[in-house]
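Coordinate inspection notes
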Amino acid sequence: MLKRFADIFLFSSFYISVCAVLMAWQTIYLMDLYYQFNYLSFVFFSTVASYNFHWLLTPADAMPSRRLGNTDKVKRMHLILTVTGILGAGILF
């Protein structure tokens, strides 16, 4: 169960989206900038949309790896996350 959760967290681009939000927050914090929470939410949703769209279009035979093998199995999840990311980013834009 823990392995499946870790695979979903890593392979669905949630990990990279959280990292993008943390980098944006760190920049805002270090430069003492004014921001709204909507900005960080926009960064999260747009990153989810971008990365899942990329993996949705990547063919499984591009190069053999565990990542691509998992991507072929969860194309529907990538489609759902791409649409969710686009909707979230569009609303927050």
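Look a little higher up for the structure.
Here's what I pulled together on the structure shown here.

What counts, and where the lines are drawn
- Residues numbered from 1 in each chain as written.
- Predicted model: local features only at pLDDT ≥ 70, side-chain atom pairs only at ≥ 80, totals over all residues.
- Heavy atoms only, no water.
- Helix = DSSP H or I, 4+ residues; strand = E, 2+ residues; numbered from the N terminus.
- Axes fitted to C-alpha atoms, helices over the stretch in contact; angles between N-to-C directions.
- Parallel < 35°, antiparallel > 145°, perpendicular 65-115°, else oblique.
- Left-handed = near helix turned anticlockwise from the far one by under 90°.
- Contact = heavy atoms within 4.5 Å.
- Nonpolar A, V, L, I, M, F, W, Y, C, P; charged D, E, K, R; others polar.

**Side note on the environment of isoleucine 80**
- Along the polypeptide, isoleucine 80 turns up in helix 5 (residues 75–92).
- Measuring from C-alpha to C-alpha, the distance between isoleucine 80 and asparagine 52 comes to 8.9 Å, with 28 residues separating the pair along the chain.

**So, the packing of helix 3 (residues 37–57) against helix 5**
- Two elements in contact, helix 3 and helix 5, have axes whose closest approach is 7 Å; the angle formed by their N-to-C orientations is 150°. In terms of axis orientation, helix 3 runs roughly antiparallel to helix 5. Between helix 3 and helix 5 lies a crossing of left-handed hand. Residues Asn38, Ser41, Phe42, Phe45, Ser46, Val48, Ala49, Asn52, Phe53, Trp55 and Leu56 of helix 3 form the contact with helix 5, whose own contacting residues are Lys75, His78, Leu79, Leu81, Thr82, Thr84, Gly85, Ile86, Gly88, Ala89 and Leu92.
- Split by residue class, the contact of helix 3 with helix 5 holds 12 nonpolar, nine polar and one charged.

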